[in-house]
Amino acid sequence: MFRELLDQIFSRHAKPSSRSQAKQRLKLILAHDRTTLSPEALQSMQQEILAVVSKYVELDAESLEFSLASEQGTTALIANLPIRRVRTLDPDPASQSSY
């Protein structure tokens, strides 16, 4: 499954077959069921991740992808976050807001 995951990540331009898309959706559903995260909690987690990452880089919002993958009892959140550019950080810590 690890090799399939790498193939999926690095061959994004290949048009997936409907069989492979259905298989991927089923894997996502199974992984989601094993995490016991509610859809709301998963959405909230994704928004928080995007907020933190966006402080440092500008993301391509139209190409963001989040997925869950399970292998041998372990579930992973996979985030594909295409970066448009790196943000310059303000060197003055007093001007930065904290959470």
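Here is what the cut-offs are and how they apply
Residues numbered from 1 in each chain as written. Predicted model: local features only at pLDDT ≥ 70, side-chain atom pairs only at ≥ 80, totals over all residues. Heavy atoms only, no water. Helix = DSSP H or I, 4+ residues; strand = E, 2+ residues; numbered from the N terminus. Buried < 20%, exposed > 50% of the residue type's maximum accessible area, 1.4 Å probe, protein only. Contact = heavy atoms within 4.5 Å. Areas by Shrake-Rupley, 256 points an atom, 1.4 Å probe, with all protein chains shown as cover. Polar contact = N/O pair within 3.5 Å; in protein donor to acceptor, adjacent residues only side chain to side chain. Salt bridge = Lys/Arg side-chain N within 4 Å of Asp/Glu carboxyl O. Pairing = 2+ DSSP bridges. Expected span 1.5 Å × (residues − 1). Arc of directions from axis to C-beta. Patch = residues over 30% accessible without salt bridge, like charges linked within 9 Å, V, L, I, M, F, W, Y side chains within 5 Å.

Visitor: Now, about the overall build of the chain: what can you tell me, with residues and values included?
Guide: Scanning the chain from terminus to terminus reveals three helices and four strands. Walking the chain from its N terminus toward its C terminus, one meets helices and strands in the order α-α-α-β-β-β-β. Looking at the 99 residues of the chain, the share that counts as buried comes to 14%. A separation of at least 24 residues holds for 53% of the contacts in the chain among residues at least 6 apart in sequence. Surface exposure of the chain reaches about 8,000 Å², of which carbon and sulfur atoms provide 56%.

Visitor: Could you give an account of the side chain of Asp-60, with specific residues and numbers?
Guide: As for its placement among the helices and strands, Asp-60 is situated in the loop between β1 (57–59) and β2 (65–71). A distance of 3.1 Å separates a polar atom in the side chain of Asp-60 from a polar atom in the side chain of Arg-84. Among all residues touching Asp-60, those that are not within four sequence positions of it are Pro-82 and Arg-84.

Visitor: Let's hear about the pattern of salt bridges: which residues, and what values?
Guide: Within the structure shown, the criterion is met by three salt bridges. When the shortest N-O distance is used, the salt bridge between Arg-84 and Asp-60 registers 3.1 Å. Here Arg-84, found in strand β4 (residues 83–86), pairs with Asp-60, found in the loop between β1 and β2; they are 24 residues apart in sequence, far enough to count as distant. Looking at Asp-60, the relative accessible area reads 18%, which means it is buried. One connected set of salt bridges, linked through shared partners, spans Glu-58, Asp-60, Arg-84 and Arg-85.

Visitor: So what's going on with the pairing of β2? Residues and values would help.
Guide: Looking at chain direction, β2 and strand β3 (residues 74–80) are connected through seven bridges and run antiparallel. The partner of Glu-65 across the bridge, within β3, is Asn-80.

Visitor: Describe the environment of Phe-66, with residues and values.
Guide: Here Phe-66 shows up in strand β2. Linking Phe-66 and Gln-43, residues 23 residues apart in sequence, is a C-alpha distance of 9.8 Å. The contact partners of Phe-66, leaving out residues within four places of it in the chain, are Gln-46, Ile-49, Leu-50, Leu-77, Ile-78, Ala-79 and Leu-81.

Visitor: Please set out helix α3 (residues 39–54) residue by residue, giving values where relevant.
Guide: Along its 16 residues, α3 runs 22 Å from first to last C-alpha, staying within 8% of the 22 Å computed at 1.5 Å per residue. Those residues of α3 that fall on the buried side of the exposure criterion are Leu-42, Gln-46 and Leu-50. Viewed along the axis of α3, the buried residues span an arc of 75°, placing them on a single side of the element. Facing away from the buried side of α3, by more than 90 degrees, are the exposed residues Glu-40 and Glu-48.

Visitor: Lay out a nonpolar patch on the surface with the relevant residues and their values.
Guide: Residues Val-52, Tyr-56 and Leu-89 make up a contiguous nonpolar surface patch of about 300 Å² in total accessible area. Residue placement: Tyr-56 occurs in the loop between α3 and β1. Exposure remark for Tyr-56: the relative accessible area of 42% places this residue in the partly exposed category.

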